[in-house]
Amino acid sequence: MRILKAIFAHTSGRIGGFIVGLYLLLAALGLLGLTPHDPLAQYRVDRLHAPGGGYWMGTDLFGRDVASRLMMGIGQSFTVAFFSVAFATLAGTVLGLAAAWFGRRWDGLLMRIMDVLLAFPAILLALLIVAVAGPGTWTSVLAIGIVYTPIFTRVVRGPALSLKAREFVDAARTFGSSPSYILTRHLLLNLVAPLTVQVTLALAWALLTEAGLSFLGLGTQPPAASLGLMLSDSRNLMETAPWLMIFPGIAIMISILGFNLLGDALRDILDPKMRRAIA
């Protein structure tokens, strides 16, 4: 509750929280099918209808309502982003804690594997995984999750190594606490703040990566909608129907901006030097 109050008291947090909240609402409505029109229904007589009248954002080449497909696309893109970041958070946290706890050979082996993954640009590694596994929504989730796992591993490993050497961990070992108790109670709980910030920022990256995969035809497949797929479909209609590119492009830009603003606010709020402002 105090964190929420601090977010709303923070300018970036207030703006970012509003944007993210609005997008979550649109995503929920899109996934539940509560859209102005059927996003999959084709009306040839209304094809390439300019924004206005019964179509707030116009229609596409097949007469489908752009606003309805945008809501469906936001829901689809957010689903991929949330599941992929959840996968990366879980895998990265486990690997980071394992590397810090076991140390030596395990630490060196795991970190070298993470270094190899980090050596590839995110979109190229995701493209490689999707090319091997085949295009699709859940393939995109797996690819994006694997791509961002090394980042979470490093975010967890560094502070965990520092916490492992602290006196309260030595005291817990002296009193016979099990390794699982120490890892969860003394290490993991102290990593909630950096993980929260990293999750927020990773969601913005995941949205952008998902849009890139769908734009290249390797993510969400037609007739379903995603923001990147809508941009891809509008490439040949930029001059005759610019709204087909403008609205999805703006939607991607604002969603990434919202998560970045919220992440910046959380980073300021959860900084130890600013905890007095939360208390």
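Residues numbered from 1 in each chain as written. Predicted model: local features only at pLDDT ≥ 70, side-chain atom pairs only at ≥ 80, totals over all residues. Heavy atoms only, no water.

A. Quick look at the overall build of the chain. Looking only at helices and strands, the chain has 12 helices and 0 strands in total. Its helices and strands in sequence order give the chain the pattern α-α-α-α-α-α-α-α-α-α-α-α, from N to C terminus. For the chain, the spread of C-alpha atoms along the principal axes amounts to about 75 × 45 × 30 Å. Out of the 279 residues belonging to the chain, those deemed buried represent 45%. Restricting the contact set of the chain to residue pairs at least 6 apart, pairs at least 24 apart contribute 71%. Computed over 21 positive and 14 negative side-chain charges, the separation of the two mean positions in the chain equals 12 Å. (Helix = DSSP H or I, 4+ residues; strand = E, 2+ residues; numbered from the N terminus. Buried < 20%, exposed > 50% of the residue type's maximum accessible area, 1.4 Å probe, protein only. Contact = heavy atoms within 4.5 Å. Lys, Arg positive; Asp, Glu negative; His and termini not counted. Charge placed at Lys NZ, Arg CZ, Asp CG, Glu CD.)

B. Seen up close, the side chain of Thr89. Position of Thr89 among the secondary structure elements: in helix α3 (residues 66-102). Overall, the relative accessible area of 18% leaves Thr89 in the buried class. Once you skip the residues sitting within four places of it in the chain, Thr89 turns out to touch Phe152 and Val199.

C. Summary view of the nonpolar core. Ranked by internal contacts, the top residues of the largest apolar core, which has 61 residues, are Ile74, Phe78, Leu191 and Phe259. When neighbours within four sequence positions are excluded, Leu191 is seen to be in contact with Leu97, Val156, Pro159, Ala160 and Leu163. (Core = buried A, V, L, I, M, F, W, Y, C linked by side-chain atoms within 4.5 Å.)

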